[in-house]
Structures are given as C-alpha cells and as structure tokens.
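Now for the letters of each chain:
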Amino acid sequence: MARHKVAAVLPEEPVRKECSTTELRYDLPRKGEGSLYQSDVVVIGGGNAALCAALSARESGASVTVLESAPQAFRGGNSRHTRNMRCMHPAPTDVLTDSYPEEEYFLDLMRVTSGDTNQQLARMLIRESPRAHAWMRTNGVRFQRALGGTLQLGRTNAFFLGGGKALLNAYYAAARARGIQVVYNAEVTGLCVPPREFVTGAVCVAGNATEFRAKAVVVASGGFESNFEWLQEAWGEAAQNFLVRGTPYNQGKLLRLLLESGARPVGDPKQCHAVAIDGRAPRYDGGIVTRLDCIPLGIVVNREGRRFYDEGEDLWPKRYAIWGRLVAQQPGQIAWAIIDSKVLGKFMPSVFPPVSGQTIGELAEALGLPRAALEHTVAGFNQSVTPGSFNPEALDDCGTTGLSPPKSHWAQRIDTPPFFGYPLRPGITFTYLGVEVNERAQVRLADGNYSPRILAAGEIMAGNILGKGYLAGLGMTIGTVFGRIAGLEAARAAN
Amino acid sequence: MPQTDSAAEGARILTICNACRYCEGYCAVFPAMEHRRAFAGADLNFLANLCHNCAECYYACQYAPPHAFAVNVPRVLAEIRAQSYRQYAWSNGRYTAGVFALGAVLAFVFARSAGPRFYDVIPHAFMVAVFGTISGFVLAALAIGAIRSAKEFGVRWDTKALARAAADVLTLEYLRSGGAGCTYPTERHSGARRWFHHCTFYGFLLCFASTTVAALYHYGLGRLAPYPYTSLPVLLGTFGGVGLLVGPAGLYWLKRRRDPATADANQNSMDLTFLSLLFATSLTGLLLLVLRASSGMAPMLLIHLALVAALFATLPYGKFVHGIYRSLALLRYALEQRGGR
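Quantities reported herein were computed from a predicted structural model and do not represent experimental measurements.

Criteria and thresholds
- Residues numbered from 1 in each chain as written.
- Chains lettered and ligands numbered in written order.
- Predicted model: local features only at pLDDT ≥ 70, side-chain atom pairs only at ≥ 80, totals over all residues.
- Heavy atoms only, no water.
- Domains from an automatic or database assignment.
- Contact = heavy atoms within 4.5 Å.
- Buried area = accessible area lost by both parts, 1.4 Å probe.
- Salt bridge = Lys/Arg side-chain N within 4 Å of Asp/Glu carboxyl O.
- Polar contact = N/O pair within 3.5 Å; in protein donor to acceptor, adjacent residues only side chain to side chain.
- Helix = DSSP H or I, 4+ residues; strand = E, 2+ residues; numbered from the N terminus.
- Buried < 20%, exposed > 50% of the residue type's maximum accessible area, 1.4 Å probe, protein only.
- Core = buried A, V, L, I, M, F, W, Y, C linked by side-chain atoms within 4.5 Å.

1. Side note on the domain arrangement of chain B
Residue and element names in this part refer to chain B. Domain annotation of chain B identifies domain 1 (5–84) and domain 2 (95–337). Of note, the centres of domain 1 and domain 2, computed from C-alpha atoms alone, are 29 Å apart. Contacts between the two partners involve 27 residues from domain 1 and, on the opposite side, 30 residues from domain 2. Approximately 2,500 Å² of surface area, both sides summed, lies buried where domain 1 meets domain 2, with 54% of it carried by carbon and sulfur atoms. Of all residues in domain 1, the largest losses of buried area upon contact with domain 2 belong to Asn49, His52 and Tyr59, amounting jointly to 29% of the total for that side. The partner of Glu336 in a salt bridge is Arg36, and the shortest N-O contact between them spans 2.6 Å. Taken together, the connections running from domain 1 to domain 2 amount to 15 residue pairs in polar contact (both at pLDDT 80 or more). For the side of domain 1 that touches domain 2, the elements supplying multiple residues, two or more each, are helix H2 (29–34), helix H3 (41–50), helix H4 (56–60) and helix H5 (73–88). Looking at which element gives the most residues to the side of domain 1 that touches domain 2, the answer is H5, with six residues.

2. Side note on the domain arrangement of chain A
Residues and elements named next belong to chain A. We note that the domain assignment places domain 1 (1–271 + 432–495) and domain 2 (275–428) within chain A. Taking only C-alpha atoms, the centre of domain 1 and the centre of domain 2 are 37 Å apart. Contacts between the two partners involve 21 residues from domain 1, matched on the other side by 23 residues from domain 2. Roughly 1,900 Å² is buried in total at the junction of domain 1 and domain 2, and carbon and sulfur atoms are behind 56% of that figure. When residues of domain 1 are sorted by the area they lose upon contact with domain 2, Asn241, Leu243 and Arg245 head the list and together hold 41% of the total.

3. Some remarks on the environment of Ala441 of chain A
Residues and elements named next belong to chain A. Considering the arrangement of structural elements, one finds Ala441 in the loop between strand S16 (434–435) and strand S17 (442–444). Its relative accessible area of 0% is what places Ala441 among the buried residues. Once you skip the residues sitting within four places of it in the chain, Ala441 turns out to touch Ile454, Leu455, Ala456, Phe482, Ile485 and Ala486.

4. Considering the nonpolar core
In this structure, Val289 of chain A together with Phe30, Leu50, Tyr63, Val71 and Phe108 of chain B are the most contacted members of the largest nonpolar core, which totals 108 residues. Examining the composition of this core, we find that eleven residues originate from one element, helix H13 (residues 297–314) of chain B, more than from any other. Residues Ala57, Val64, Ala214 and Ala457 of chain A belong to the second largest nonpolar core, which totals 106 residues.

5. Some words on unusual backbone geometry
Of all residues except glycine, most have a negative phi; of all peptide bonds, most are trans. Put simply, Ser404 of chain A and Pro405 of chain A share a cis peptide bond, and its omega is -10°. Mapped onto the elements, Pro405 of chain A comes out in the loop between helix H10 (371–384) and strand S15 (419–431). Look at the link from Tyr184 of chain B to Pro185 of chain B: it is a cis peptide, with omega at 5°. Structurally, the position occupied by Pro185 of chain B is in the loop between helix H9 (159–171) and helix H10 (192–221).

If you want it as structure tokens, here you go:
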C-alpha cells in the first residue's frame, strides 16, 4: 500500500486514498473548492472537551483551529445541555459542600460501571478534577455558589452558573481572545495520518469541500447518539421511536472513521444511556425540561394498558436511568405514567402539561389507551395497595400485595380525580462506544501503538472510564480533564 | 389583568424555565419563579418587574432562538413590564400631566419680566405656585401607581426585608452579576450599565438634595438665590448635574448598541424621552449656572424651568416608574426569601 504524501496541490478529482495501517482514509476534495485550514493543532468538535483541548494547546504555544460541525447558534454538542461536573474535594469550597474524597469518588465509579473502567485512567481523572476546576475558572467559567443542600448534588458536583451553554460561551470568548480560529458548519469527512510530520484531513465547510493540515489532531466530536441509522444497527426498527435529548450534530462520523481505520474500540457498542422522557418532546435537543419525575408517584402502563415494572423499586435518583430501556422494550417504544390529583405538584414541574380525565376511563380515551384494560389495571393496583405512611423522601412502607409486578414503595391508591397521564418515550443521552486512549489521551491505532498525533477527548473516549452505567457530572469531568491533556499533548507533538 | 399575547407567551416561557432552572444562580427572577407553578396575572407582573433586563439568561439559554422552544425571557418580561406600567398608572391623569406641562411652560413665558436676578424674571411665589401644583399632581399619580402595584405584589412592612430590598436597589445588586457585570448591551460582561445608572440615579438624588437645601436656605435662613459657586446647593447641583449628563448619555449610548434580540423595541420612545429630559434639564441647569451673570440668564432660566416642569409632569407616565415598581418587586422578593409567603 502506498504511503500518502501530503498534497501541496490538491488533485483534480476526488481520490479515495488507500491507507497503511497507521493511516485513516479520506476522500480528498476537488481542486479549488475552498481554502486550506492549517495550524499546529486542529481540534475536531466544538463542545466542552474540544474547547478545553483548544485552550490548553494554545496555552502551550500552539496555533489552533477548531472545526465545529454545528452552526454557531447550536455550537457545543451535548455540553449545551449539561449543568455540572463531578469534582473531588477534601474540604468545603465556595461551590461545593462538605468533602468528596478520592476513594469515595472511585467507589462510586466502580459501583455504577460494575468495574467496567480503566482503573488507572479513572484514578488519574479523579485526582486531576480539582485542578481542572481551578483551570476552568481562569478561563472564565463561573460556578454557582453552594446552596446548602438545596441541590441534591451540591456535595459531589460543582454547578456552572447558568449551565453548560454559559460555560461554552466563556470558553468561546476565551478562544477568541487568544487567537484560536473557530470554524462553524465544518464537518470533517476524512483523516489521513502519514508516518511523519503532518495529519491532513478533508473538511466540508458550509457545503464546500476543503482540506486541513495540522501537526496533531484532537478528536473531540462526541458519540453517535444522533445517528438513527447507527442506532438502528444496535436496536433495530425500535430505534426510530427513540428521542435524542441532545444535539442533532453527534453523528459519530469521526468515531466511525477511527474505528473503521482500526482504532481500538472501548465501551459497549450496543448500549446507550437512555431515560424515560415526555413522549411529546422534539426529536432532538429537548434537553433537561422534557424529563419526568412522576414515575415513582404513580403507575406506568404500556399501550395495552398493562403495568410492566416496579415503579417504586428504589429511590428515583437511583432508578430513573433504567426507564429509558424499560420503555424501549415495550411495544411501540411508548408508555404512559398515570397519577392522580394527590401527587400533582409533588415532583419537579415538566414542560408539557399532563393529559387529564375525570375518570380513569376518560383518561384512557384522552390518552388513546384501551379503556377497559386501563380501568382493570388501576382497579387491580388499587385493591393491592397496602396501607402505610407515605413518604416520597425515603423508602417508605407503602407497597402492594399480590400484584405482579409489585410496586415496592410509594404505592397509593389512584382514586382522586382528576386523573393525569404523561406519555413516555426513551430519550437517549449518550452512547458508550469509543476509542481506546492512554493517560496521555493518545488514540490506540490498528498497529497497537498509541498515536502521538491523534488525541481524543470527551464522549468519544469516555467509554475508557464509563464502560457502562451513569454518574452525574462525570462526562464533563472527563471532557475537561482529557481535553486539557489532549491539548497539551497535541501542542507537544506539534513542537 | 387581561390575557394578552405577551402574557400567554410569558406563561409558556416561564413554564419551560421552571422545568429547567439552570439560571437560578443569576438573579432574583428565577428563585422567585421556583416558588410558583402557574404564571399569570399578578405573578407574571411581579416577575416582570423583578427582571432588570440584564439578558444573562438569554445568552445562557439552551432553548433560546433558533431553538424550537424559542425562549427569550428578557424580551417577554420587558413586554409584560410595559403593560404593567399602563395597568398601574392613573390613566386619567395622563391628560392632566400634558396640560400641566404645557400650562407651566406658557405660564413661565407670560409671567416673565426683565431683571438681573432669577426672581426678577420669574417671581419666586409664582415659581413655587406652579411647581407646587405639578408636584402635588405628580405625587398623587405616583402614589396611585405605587399602591396598585404594592397591592398586586402583596408587600407589607418588614424591616429586614425592607433593608435587604433597599440594599438591592441602592447597589443595583442584580446588574452586578457577581462582579462580572451584566451582559448588556451585548453578550460580553460589562459593568458600564450599572455605573451609568448609578450616575443617573445618584445625580438625580443630588439635584433633588440641592433643591431641598436651597429651599431651607430660602425659608430658614432668608438667603435668596443665586448662591455662590462654593455654596452647598450649587455644589450638590453641579455634581448631580454632571451625573445627569454622564449617566443618561451613557445609558443612551449603550441602548444604541444593545442586542435587539433581548429588547422590546416599543419601549424605545419611552426610554429615550426620559433620558433626553434628564439630560436636557441637567444641561440647561449647568448652563444657567455659567450664564447667570450675563444677559443669557433670562432665556436660559425659562428654558430650564420649562424642561423641569415637563420632566416632573411626565414622571408618572414614563420610564421613571420602573424605579418604584422594581423596588416594590424586590421588597416582595425579600419577603418571600424570609419565608413571608
């Protein structure tokens, strides 16, 4: 196979390059179709990890270009929808209460992943998190003051003032002030890594094909959760009924490019993190406001009007992440949460008003559910409720007897009209599949070596640490810590 | 309050905000919103008047246009705020205000005579009669608006809440944004608006203090104007006057450059009228000080008094009222924070 030489003059026709084991394929653009982007470091992606990498590489003296596939208004990938980062701290700070030691952080991670984590990388991540936090502040990120326990995660997670988009605004402002070139609507379609000196790639900027060249590339372009074709490979036809909670721009193109070129995969390729969200949410970008927290306060039925899982199995923060998959397994990938007036107002308000009915039968008709079946389900549930003292804050003694599946806690008769229903659909947050990296954020290529000039940060490598499960705010910690490392290593490789 | 398009849009947007809550660290509006589940009428007016229109939440919003949810809190609250001004104002007084302003100008023109001192041009008693009448009307109209809004917000006497609200008003706490300054006129944080507002507000107070001290001199000490340059009324008036030149000019300059996305363009004329009157009143006042020993004194005095009359008569129907309603909303917020709901 011929080694690719960096083209000083672009060829007349698109060329499918044959690549050696350390090369990644791409189609070169036609001659004269736009300019060549060239800098020491090119960062692919525009979210938290990408911007951390860009700022960090610039700090180390490299010239930097950021290629963001989204338009400016929707820049930032899923970081737009985030709110906090998980941060180790030995003592209370202005934005974190109490303490969160390394060991507890590590055990939390081991628990949620069932050990599916690279322990060496995980330890490094945890130890770096306080330094990352301090670095963020020097780059203009502001945090919300610790609110003394009103926020459930106030001990373990530092909250960005204004949320993830405000954080991104700060980073983009810093990038601009430091002379980092940001190109929007720039979709990278190919990468080529010759053995020495340069990485080149094909990029389509607002529809015009062109090329970029860099001494090192940071790939921070997220997962593939917005790519329905890819989701369908894992989930079949059911995937068409999923909703994507975040950006439509995480198409996983760079992930696929790297994997097809032989980069070593990590993380479960068939899994995604999904929660049950309001079925009326838009297909993309519904974000936080579409979540529904009423499941433990009522019952959940499928389109046949039947219950299918214990709604009160455990405290909601420990269970909400399983409901995406549960709903995905139901016919039509849809379900309905049914509550009565007693509990309205006892959960976080959501963006869409519930559907209501004066009787269960009326509600069933309004929801388009089989009337007799829902009446039967609710009557059966009501009969099996055992009396107890209702307490939504703890595992109370309100359960059911002789019901299958049971409702273990917070079971109250659904008997106070009007009755309400919310449609539920699986809402995908992120995918686990990624590329293997080492502690220097270098991507492991087909030959088994870690490439000094292809670095990865953020969701595309999060599977190294979060092989499965979910830990709130960990994604932003991974993005920040590995973004900084990737930027530093890229600048070093460029030197 | 009638259900208007803005009110419906405000309810729609705040329902989204209440399900999100990412902005709760920015200002008083969001914690106040979290106490509520429905947004209509009095609650909407309260939240609208609590908003300082700093636009931080707009730039931080993951749902801001072009997102399909099209959340734009500063603009919709500005629209609702403008409606609330009309709702609270003593509407019949609007014409009276016009008549007073015009009447005062004509009265001064016809009453003028010649002479080297202020009171030769316009007799003191005449001046007092005209401004006394206008002030009586203005105070009554402002009081009506204040009482109506206070009733709707549900405020009551509470010393600690009052102290907290007063501090928020006097320091413009919610234009500080934790020291970074607010995102006005553009996305970049800047303290400019807060300082120009301070110049305007404290300039206005200094001018008011100047007039009060002068009245004490006149009635208490029998000392008649004009006073020396180094006298207290002139010093207060000069500093206040400079503040009222710098402040309104700066606020106007910022307003010209502001991001149109977060503004309610219908309020431009109201804002501009108030800023222009403040600026012109101050400018003519300072010119009068310079020209008071010359032949230019008489015409400048007439112009200045006419502008002061116009400024005062229009106070209850212009931008000035935002200070009253914002202060009362901050008081209500302080009461809620103290558990007084």
